[in-house]
Structure formats: C-alpha cells, structure tokens
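# Structure assessment
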Amino acid sequence: MSKTEKIKMEKNIDQAKLNYMNKRSRKILFILLLALALVVTAVISIAIGASSVNLKTVIQVFGDVFVHNESITDMQRDIVFSIRVPRIITAILVGMALSNAGLLMQGIFQNPLVSPYTLGVSNGASFGASLAIIFGSSFAFLNFGEFLLPVFAFAFSVLTMMMVYGVAKMSNNTSSTLILAGVAIGYLFSALVSLIKYVSDVKDLPELVFWTMGSLSGVPWEGIAIIAVALAGSIILMMGFAWDLNIMSAGEETAISIGVNYKRIKMLSFGISTLLTAVAVSFTGVIGFIGLVSPHITKMLIGNDYRYSVPASSLIGALLLLIADTIGRNIIAPTQLPVGIVTSMIGVPFFLYLIVRKRGK
C-alpha cells in the first residue's frame, strides 16, 4: 500500500470516527431533552386538575416539606402527596415498563405489530382481575388482602404469555404464528371475562368494567415500589446485553455465526417483557398501545441501537402515558376519563397505519 493510500485510509477512518461521535452526541442530547421534557410535563401534570390546587400551591406544598407554611391546608397536602404525586410516578413507571416490553418483543420477533397488547396479555390479566373482583371472598384463605387483584392479574398475564409462546413454539415459531396465537388466546380469555360478567352480581360489575378500562389512580406505594424494582432490574439487564440485541436484529443465522447465544437471549428477552407487562397491568388495569407506539417513535427518532433506544423508549413511553393520563383527568373534569380509553384513541390510528405500511412493503 502506497503512502498516499495510507493517508487516504487514515482520513476515512478519522472521518468515520468523527461521524460516529457526532451521532452519539446527538443521541445523548436527544435523551437528555426527553428527560427534561418529562420533568416539565410531570410538574405541569401535578399542577393541573379538577381541584383548586395550582402550580403556585404545588410549589408551596413542596416548600412546606422544608419550611413550614401555615397557609397550606391538610387537604392541599393530601391532594399533592397522596393523589397526584403517586399517580404521576405510576404513569412514568408504567409507561417505561410497557414501552420497554414492546421494544423487546418487536426486536426479538422482528415484527413491528408485536406488543404486549396484541399478544393477549391484557385479556389474560382481565380474566385474573375478574376472578379476584367477582369471587374474591372465595380466595380469602390466600391472605393476599388488597393485593389479591394484582396477584391474580399478574398470574394470568404470565400464564397468557406462556400459552402464547408454547403454541407458537409447537408450530413454526415465527412472529406471525405468535401474533395469531396471541389473538386466539386473547379471545379465549375475553370470552371467559364475558361469561363471568354474565353470571356475576350486578354490584360487582362497575369495578370490573372500570379495571378493564385502565386507571392510574389508587395504586399503593407498595405497588409503585414493586413496579420500580422490576423496571430497574429489567433496564439493567437490557443495557447489559444491548450489543447482543443489536446483533440479533440482523437475524438468527447472523447472530449465531458471530457467537451470540440466540436462544438464551431470546428467552431472557421474552421473560423480561412478560415480567414488565404483567407487573404494570396487574396494578393499573388494561392500558393498550403504549407498548406498540413508543418503540416505533423511538426507532424513528433515534434508531435501533439498544444502548440508546432503551432509555429513549423509556422516556417516550413515560411521556405518552403521562400526557394521556393528564388529558383523561382534565378533558371532562371533574369526571375522569380512564387512561386506557385515551391511549387506545391514540394507538388505534397508529396501529392501522402500521398494518397498511407493512402490507405495502
């Protein structure tokens, strides 16, 4: 190789490194801006609602933690710290959980239509919740107390995912089979929920109907802590094998040829996505389309590199759910619109767009 060629090659390498660093800096800056947007949205969300607690009052309530302010009433403290703050934290954590679950599912199955919602998990959770709501007294011997409903919803969420994966594995184990299995099993659990509604007492129906619409209100601090721990552990694992996930996006044969344990990473990813979905819906009810929409927005804005798409998808999912819940709380105040309705109104048009786009390709 001549000296001129060496100089040219070195320049190309330097330029490639510079381009990589520029892209990396832009992605990091984008993630930081998303984090700032989430903080601003959270503050705005705390400050607006059906009550008379506004931004000034919220600032005074937080300041009262450090310096006592006699002008702050106990009711205002309760509204901020017992109602709005837990709800906003729940929205952020659940949005992150559902978004990352969808990101993993779409990545490992290489299908843009896969999400926790489309795989029937919500229907399974609804069946578990309906059992707890309608026949709760029959399960009193389990001593779960107020956690009976989340435990049953969690258990049937996991069971649904196991059934879906088992059916897909017994056939050709493709993403199309997975979606079809999810739809079929989802319809099965939906029919069982309808059966329980039909034979149940009328006084129990409102709670069941409200749960299936999704709500972020009333989640206890213990539940928030459980979601936070599951989310933190899952994000650590996802970031830990981000390179493996990047390689897996090139296909099974390519990943195996490079040395990636494809089956192990796939099963681990499936387990993480199942855990995130089950923990989220068990406390909040059915919240659809966050796990479908957020990963696509992330990929469009920041690309497929999991080192950046995981934090970006987390923040986008949190933003979407927080905005949806804020809209639901205020659009027809003082009546609250269940957040599951709002997310479905956002997600359905996007879902149809993805179907048409996939069909076109």
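You'll find the structure just up there.
Our subject in this report is the structure included herewith. (Residues numbered from 1 in each chain as written. Predicted model: local features only at pLDDT ≥ 70, side-chain atom pairs only at ≥ 80, totals over all residues. Heavy atoms only, no water.)

Here the focus is the overall build of the protein chain. On a plain count of helices and strands, the protein chain comes out with 14 helices and zero strands. Ordered by position from the N terminus, the helices and strands of the protein chain form the series α-α-α-α-α-α-α-α-α-α-α-α-α-α. Relative to the globule expectation of 21 Å for 361 residues, the C-alpha radius of gyration of the protein chain, 23 Å, shows essentially globular dimensions. Relative to its full complement of 361 residues, the protein chain shows a buried share of 47%. For the protein chain, the exposed area adds up to about 18,100 Å²; of that, 68% sits on carbon and sulfur atoms. (Helix = DSSP H or I, 4+ residues; strand = E, 2+ residues; numbered from the N terminus. Rg over C-alpha atoms; globule rule 2.2 N^0.38 Å. Buried < 20%, exposed > 50% of the residue type's maximum accessible area, 1.4 Å probe, protein only. Areas by Shrake-Rupley, 256 points an atom, 1.4 Å probe, with all protein chains shown as cover.)

Here the structure, examined in full by the defined rule, presents three salt bridges. A salt bridge links R87 to D325, with the shortest nitrogen-to-oxygen separation between them at 2.9 Å. Of the two residues, R87 is situated in helix α3 (residues 74-109) and D325 in helix α13 (residues 306-330); the sequence distance between them amounts to 238 residues. Of the two residues, R87 and D325, neither departs from the other in class, the shared state being buried. For R329, the salt bridge identified is with D325, shortest N-O distance 3.7 Å. With a gap of four residues between them, R329 and D325 both fall in helix α13, about one helical turn apart. As far as burial versus exposure is concerned, R329 and D325 are alike and both buried. Among the charged side chains, a salt-bridge network with shared partners connects R87, D325 and R329. (Salt bridge = Lys/Arg side-chain N within 4 Å of Asp/Glu carboxyl O.)

Its location among the elements puts D78 in helix α3. Assessed through its relative accessible area of 43%, D78 is described here as partly exposed. For D78 and V61, which are 17 residues apart along the polypeptide, the C-alpha to C-alpha distance reads 9.8 Å.

The subject of this paragraph is helix α12 (residues 290-302). Along an α-helix, a turn takes 3.6 residues, which lines up residues three or four apart on a common side. Taking 1.5 Å per residue as the helical rise, α12 with its 13 residues ought to reach 18 Å, and the 18 Å between its terminal C-alpha atoms agrees with that figure. Following α12 by one or two positions, G303 has its phi on the positive side, about 95°. (Expected span 1.5 Å × (residues − 1).)

A few words on a nonpolar patch on the surface. On the surface, a cluster of nonpolar side chains totalling about 530 Å² of accessible area is made up of L29, L33, L36, V40, I44 and I48. Within the secondary structure, I48 is located in the loop between α1 (3-47) and α2 (55-64). For I48, a relative accessible area of 34% gives the class partly exposed. (Patch = residues over 30% accessible without salt bridge, like charges linked within 9 Å, V, L, I, M, F, W, Y side chains within 5 Å.)

Further remarks concern the packing of aromatic side chains. Scanning the model with the defined rule gives four aromatic pairs in all. Ring centres of F127 and F189 lie 5.5 Å apart, and the angle between their planes is 40°; on these two criteria the pair is classed as tilted. Linking F127 in helix α4 (residues 121-134) with F189 in helix α6 (residues 175-199), this pair joins segments that are 62 residues apart in sequence. The exposure classification of F127 matches that of F189, with both residues buried. With a centroid separation of 6.4 Å and 80° between ring planes, the pair formed by F156 and F189 is classed as edge-to-face. Taken as a pair, F156 in helix α5 (residues 148-170) and F189 in helix α6 lie far apart in primary sequence, 33 residues in all. The exposure classification of F156 matches that of F189, with both residues buried. (Phe/Tyr/Trp six-rings, centres within 6.5 Å; stacked < 30°, edge-to-face > 60°.)

Our next topic: the packing of α3 against α12. In helix packing, the relevant descriptors are the interaxial angle and the interaxial distance, both defined with respect to the helix axes. Where α3 contacts α12, the axes come no closer than 7 Å and their chain directions differ by 70°. As judged from the angle between their axes, α3 and α12 are roughly perpendicular. In contact with G95, L98, S99, G102, L103 and Q106 of α3, α12 contributes I290, G291, L292, S294, P295, H296 and K299. (Axes fitted to C-alpha atoms, helices over the stretch in contact; angles between N-to-C directions. Parallel < 35°, antiparallel > 145°, perpendicular 65-115°, else oblique. Contact = heavy atoms within 4.5 Å.)

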